[in-house]
Amino acid sequence: MVGQSVEPPLEFARVEELGDRMIGRINAAREAGPIWWSEKEHSWIVSGYAEVAEGFSGSIPLSNDRSKLMEGMIPDPVERDRIMPNTMKYFRHFLINLEGPQHIRMRRLMTKAFSRKVAEDYRPFAAKVIAETLDAVKGRGEVEFMEEIGREITGRNLLRIMGLEDEEFYMPKLKYWSYIANAGLGGHASLETIAAMDLAFGEMVEVFQGEIDRRRANPGTDFLSQLILAEDNGDRFSDDELLGNMHLILIAGHDTTLNTMGLSVNALAKHPEARDYMRAHPEDTLHSAMELMRYIAMSTEMTRLVAEDFEWQGHQLKQGQIVHLMIAGANRDPSVFAEPEKLDLTRPQDANMTFAPGAHHCIGHLLAKMQLTEFFPAFLERYDSWEVLEDEIPFGGGLAFRGPQSLHLSLKPR
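Model, not experiment: these values are computed from the prediction.

Engineer: Lay out the overall build of the protein chain with the relevant residues and their values.
Structural biologist: On a plain count of helices and strands, the protein chain comes out with 18 helices and 10 strands. A compact globule built from 414 residues should have a C-alpha radius of gyration of about 22 Å, and the protein chain, at 21 Å, falls within 12% of that. Along the longest, intermediate and shortest principal axes, the C-alpha atoms of the protein chain span 60 × 55 × 40 Å. Per-residue burial for the protein chain yields a buried fraction of 56% across its 414 residues. In the protein chain, the share of contacts with a sequence separation of at least 24, taken over all contacts with a separation of at least 6, comes to 71%.

Given below as structure tokens:
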């Protein structure tokens, strides 16, 4: 292995404590070298743009099967089955954990439910939810953005898209389910966190199985019915596959958009010129949102496993080793992005890696973009400026998708 004389202190286990300081550490990792072995993290850190792109390309033997990572968290199979039976049963069915023909099969079955038409059909409802949520806090000088605005919007929209109509039942659960799943799957969780995550997975299974059974008997036009009805030459989803991906969609589809909204609002609080630009160029809202996503680094990394021994730029990677593809590092690589620490809404976005390149490009990106392009104009129309009241924003425990646990704002209406 080719090592570094001084290892940059990433400290993935301290993601909650470090918060936005993690970005500086990821930058330092890239500057130490685009690929290097971390003894502290016991994994390969890949932060250069070209190298991260190659890692996602499928051209080198990196595996997407992260179920093996879960096995590594609790090596004893008896203890693992006792502490995390639900996680081990359903995590292996997550679309993001599949490779080759299995991934192609599942992605083909899921594509119709994630189509541009589906996203655009839900746009009027999303706009209505956003307007109702912002109207509900109208006249207030202070608000806690993450729960009172962000989760209300992303949670209600995702529940509607998935056909889960009982908002009174689901909304209180979304925060905990998302938090504990991201913390438990982050790779550095305690046994207590893993056990709590598994209990949450079990609760979700019980709830979702009832929803699946109802739609099998009487399918509708909602997203979940589309998944149940999805068919390709006689091939359909099993219940375990549906349950696994219901977990994934509810957690990733809701939390990532919520975190993007929160971190973007935090960034825009400090950049009045960006707020003015977005108001003056509503036709460029999607472009602006992409630059915000690059800048805030909500999408931080994706983990891979070395499938077989190989050499990569002079480094000897061994089968079974962990590789962190640092999307946040690639999105700040100065060889690709001029002045990468600057929020520049006019910057070309063709190279933006937020939704991941290649075969594993985020399947829900159209739904996320639809919500963001409705949210930003509505929020900027109502508020001239806002101040973040926390001295330091408290972050959650997820490494792959970072986000605030709270964001208290002082609001100045337009």
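Engineer: Mind laying out the sheet that holds strand β10 (residues 408-413), listing which residues take part and the relevant values?
Structural biologist: Here three strands make up an open sheet; going across it, the order is β4-β10-β9 and the pairing antiparallel. Because the sheet does not close on itself, it has two edges, and the strands there are β4 (142-144) and β9 (383-388). On average, each strand axis in the sheet is inclined to that of its neighbour by 35 degrees, with strand direction left out of account. Pairing of β9 with β10, which is carried by five bridges, proceeds in the antiparallel orientation. Looking at the pairing, Ser 385 lines up with Lys 412 of β10. Helix-sheet contacts for helix α18 (residues 365-382) involve β9 and β10, and the interaxial angle to β9 is about 95 degrees.

Engineer: Please set out the nonpolar core residue by residue, giving values where relevant.
Structural biologist: Nonpolar side chains in soluble globular proteins generally cluster together in the buried interior. Formed by 57 residues in total, the largest nonpolar core has its most connected members in Met 110, Phe 208 and Leu 250. Within the second largest apolar cluster, 42 residues are counted, among which are Val 137, Ile 153, Ala 289 and Ile 296.

Engineer: Give me the pattern of salt bridges: which residues, what numbers.
Structural biologist: Opposite charge on two side chains lets them pair, provided their charged atoms get close. All chains considered together, the criterion is met by 30 salt bridges. Residue Arg 151 pairs with Glu 147 through a salt bridge whose shortest N-O separation is 2.9 Å. Placement of both Arg 151 and Glu 147 in helix α10 (residues 145-162) is noted, with a separation of four residues, approximately one turn of the helix. With its nearest N and O atoms 4.0 Å apart, the salt bridge here joins Arg 151 to Asp 255. Of this pair, Arg 151 sits in helix α10 while Asp 255 sits in helix α14 (residues 239-269), placing them 104 residues apart in sequence.

Engineer: Break down the packing of helix α12 (residues 191-217) against α14 for me, citing the residues and quoting the values.
Structural biologist: Close contact between α12 and α14 brings their axes to 10 Å; oriented N to C, the two are set at 115 degrees. The way α12 lies across α14 gives a crossing that is right-handed. Within the contact between the two elements, α12 uses Phe 201, Met 204, Val 205, Phe 208, Gln 209, Ile 212, Asp 213 and Arg 216 and α14 uses Asp 239, Leu 242, Leu 243, Met 246, His 247, Leu 250 and Ile 251. For the contact of α12 with α14, a count of residues per class yields 10 nonpolar, two polar and three charged.

Engineer: Break down helix α16 (residues 285-296) for me, citing the residues and quoting the values.
Structural biologist: In this model α16 runs 16 Å from its N-terminal to its C-terminal C-alpha over 12 residues, within 8% of the 16 Å that 1.5 Å per residue would give. Where burial is concerned, most of α16 is hidden: 10 out of the 12 residues are buried. Among the residues of α16, those classed as buried are Thr 285, Ser 288, Ala 289, Met 290, Glu 291, Leu 292, Met 293, Arg 294, Tyr 295 and Ile 296. Taken together, the buried residues of α16 touch α2 (21-32), α14, α15 (272-280) and α18. Ala 297, located one to two residues past α16, shows a positive phi value of around 60 degrees.

Engineer: Could you give an account of the environment of Ala 351, naming the residues involved and the relevant values?
Structural biologist: Mapped onto the secondary structure, Ala 351 falls in the loop between α17 (327-330) and α18. As for Ala 351 and Gly 329, which are separated by 22 residues in sequence, their C-alpha atoms are 13 Å apart. Once residues lying within four places of it in the same chain are set aside, the contact partners of Ala 351 are Tyr 49, Asn 331, Val 336 and Phe 337.

Engineer: Residues and numbers for the sheet that holds strand β8 (residues 322-325), please.
Structural biologist: Here we have five strands laid out as an open sheet, ordered β1-β2-β8-β5-β3, and mixed in their pairing. Two strands bound the open sheet, and with one partner strand each, they are β1 (35-38) and β3 (62-63). Relative to strand β2 (residues 43-46), β1 runs antiparallel, the two sharing four bridges. The residue of β2 that forms the bridge with Trp 36 is Ile 45. Contacting β1, β2, β3, β5 (302-306) and β8, helix α3 (residues 49-57) crosses the sheet at an angle of about 120 degrees to β8.

Engineer: Help me get a handle on the pairing of β10, residues and values and all.
Structural biologist: Two strands pair when backbone bridges link them, and β4 and β10 are joined in this way by three bridges, in the antiparallel orientation. Across the sheet, residue Glu 142 finds its bridge partner in β10, namely Ser 410.

Engineer: I'd love a proper account of the side chain of Ser 43, names of residues and values included.
Structural biologist: Tracing the chain through its elements places Ser 43 in strand β2. Among the polar contacts made by the side chain of Ser 43, one reaches the side chain of His 324 at a distance of 3.3 Å. Discounting residues that sit within four places of it in the chain, Ser 43 has contacts with Trp 36, Trp 37, Ser 38, Ile 322 and His 324.

Engineer: Any chance you could break down the packing of aromatic side chains for me, citing the residues and the numbers?
Structural biologist: Overall, the coordinates contain 15 aromatic pairs when judged by the stated rule. Here a set of aromatic residues connected by ring pairs shows up, and it is made of Phe 145, Phe 375, Phe 376, Phe 379, Tyr 383 and Trp 386. Its end group placed over the ring of Phe 125, Arg 160 keeps NZ or CZ at 4.2 Å from the ring centre. The side chain of Arg 275 reaches across the aromatic face of Trp 386, ending 5.4 Å from its centre.

Engineer: An account of the environment of Ala 356 is needed here, citing residue identities and associated values.
Structural biologist: Following the sequence through the fold, Ala 356 ends up in the loop between α17 and α18. Distance in space between the C-alpha atoms of Ala 356 and Pro 272 is 29 Å, their sequence separation being 84 residues. Once residues within four sequence positions are removed from consideration, Ala 356 is found in contact with Phe 56, His 361 and Cys 362.

The rules behind each value
- Residues numbered from 1 in each chain as written.
- Predicted model: local features only at pLDDT ≥ 70, side-chain atom pairs only at ≥ 80, totals over all residues.
- Heavy atoms only, no water.
- Helix = DSSP H or I, 4+ residues; strand = E, 2+ residues; numbered from the N terminus.
- Rg over C-alpha atoms; globule rule 2.2 N^0.38 Å.
- Buried < 20%, exposed > 50% of the residue type's maximum accessible area, 1.4 Å probe, protein only.
- Contact = heavy atoms within 4.5 Å.
- Pairing = 2+ DSSP bridges.
- Axes fitted to C-alpha atoms, helices over the stretch in contact; angles between N-to-C directions.
- Core = buried A, V, L, I, M, F, W, Y, C linked by side-chain atoms within 4.5 Å.
- Salt bridge = Lys/Arg side-chain N within 4 Å of Asp/Glu carboxyl O.
- Left-handed = near helix turned anticlockwise from the far one by under 90°.
- Nonpolar A, V, L, I, M, F, W, Y, C, P; charged D, E, K, R; others polar.
- Expected span 1.5 Å × (residues − 1).
- Polar contact = N/O pair within 3.5 Å; in protein donor to acceptor, adjacent residues only side chain to side chain.
- Phe/Tyr/Trp six-rings, centres within 6.5 Å; stacked < 30°, edge-to-face > 60°.
- Lys NZ or Arg CZ within 6 Å of the ring centre and 35° of its normal.

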